[in-house]
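In case you want the letters, here they are:
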Amino acid sequence: MPDTPRWRRASAVFALVVPLAGCGDPGPVTLQVLAASSLAEVVAELGDAYRHSHPRVRVETETGGSQEMADRVSDLRPGDVLVTADEAAMNEVDEHLTGRRRIVAHNSLTIAVAPGNPRGLRGLADLTRPGLRITVGASVVPVGRYARHVFAKAGLNVRWTGEAISARAVLDRVRSGQADAGLVYITDMRSAGVAADSVPIPADQNVTVNYPAAAVKDGEHREEAEAFVAWLASAEAGRLFHKHGFAAPTTSQ
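Everything numeric in this text was worked out from a predicted model, so none of it was measured.

A. How the structure looks around the packing of aromatic side chains. If you walk through the whole model with that rule in mind, you get eight aromatic pairs. What links up through ring pairs into an aromatic cluster is the set Tyr 146, Tyr 185, Tyr 211, Phe 241 and Phe 246.

See the structure below:
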């Protein structure tokens, strides 16, 4: 090879260009978010908003019962972020999570009834009437744990006739006429339309529903997942939660 000033200058430029070619912007990242079914509408909008401010991160969401989503994490199936409807569901898979866990939203319960409230229910005490078909969440899912807490708090012995795997499943039974009443999240009633009405539960008999979020330890994009979890607790995300009927956390995390 020639050893001329021109060749040496060209070699120096090449030596600089080659390393830089491998240090370009990283490609797009797709985060898989596993979320409780009660978040179905808001989590899609949260993903779109995050993509707008973080162009290289795409958010794909899958929703279902909190226990179902937690089981996916424990089975090491694909997922980067887990958002459940209570702490207990998340505690069961804590060994598979990483980074800081954050409460990103709050909710509460209401009594879902058929349109027009044909059974004339006025509150929790009326759920003790004989002959009512009442559905609650199973004891292994958040909405079932919350329902049992509400009954205990009110000092009521409610005999339900059916159990379901999620709040949306409880609501579906009321909407379809399979149940006269069921305890669901207040935000679920937005998806019911004219197919169901609700009877409020007073604050002193109600519970605060917490939605914790955390990054999955075995996810492919841990750094981006932890950043997304932090953003879910931001004011921007809080406005979207509020738009869909959720309350924002009241304390800093």
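From this point, the discussion proceeds with the structure in view.
B. Looking closely at the pattern of salt bridges. In the structure shown here, the tally under the stated rule is 14 salt bridges. A salt bridge links Arg 145 to Asp 86, with the shortest nitrogen-to-oxygen separation between them at 2.8 Å. Taken as a pair, Arg 145 in helix 5 (residues 142-154) and Asp 86 in the loop between strand 3 (81-83) and helix 4 (87-91) lie far apart in primary sequence, 59 residues in all. Of the residues examined, Asp 86 reaches a relative accessible area of 5% and is grouped as buried. A salt bridge links Asp 94 to Arg 101; the nearest nitrogen and oxygen atoms lie 2.9 Å apart. On the accessibility criterion, Asp 94 (43% relative accessible area) is partly exposed. When salt bridges that share partners are traced, they join Glu 41, Arg 168 and Asp 188 into one network.

C. Focus on the pairing of strand 2 (residues 57-64). Bridge count for strand 1 (residues 29-36) against strand 2 is eight bridges, and the pairing is parallel. The partner of Ala 35 across the bridge, within strand 2, is Thr 63. Of the crossover connections in this fold, the one passing from strand 1 over helix 2 (residues 40-53) to the parallel strand 2 is right-handed.

D. Structural detail: unusual backbone geometry. Residue Leu 76 is not a glycine yet carries a positive backbone phi of 60 degrees. Inspection of the secondary structure assignment puts Leu 76 in the loop between helix 3 (66-74) and strand 3. Not every positive phi belongs to a glycine, and Asn 117 is a case in point at roughly 50 degrees. Looking at where Asn 117 falls in the secondary structure, it is placed in the loop between strand 5 (109-113) and strand 6 (134-137).

Reading guide: rules and limits
Residues numbered from 1 in each chain as written. Predicted model: local features only at pLDDT ≥ 70, side-chain atom pairs only at ≥ 80, totals over all residues. Heavy atoms only, no water. Phe/Tyr/Trp six-rings, centres within 6.5 Å; stacked < 30°, edge-to-face > 60°. Salt bridge = Lys/Arg side-chain N within 4 Å of Asp/Glu carboxyl O. Helix = DSSP H or I, 4+ residues; strand = E, 2+ residues; numbered from the N terminus. Buried < 20%, exposed > 50% of the residue type's maximum accessible area, 1.4 Å probe, protein only. Pairing = 2+ DSSP bridges. Right-handed = clockwise from strand over helix to strand, strands pointing away.

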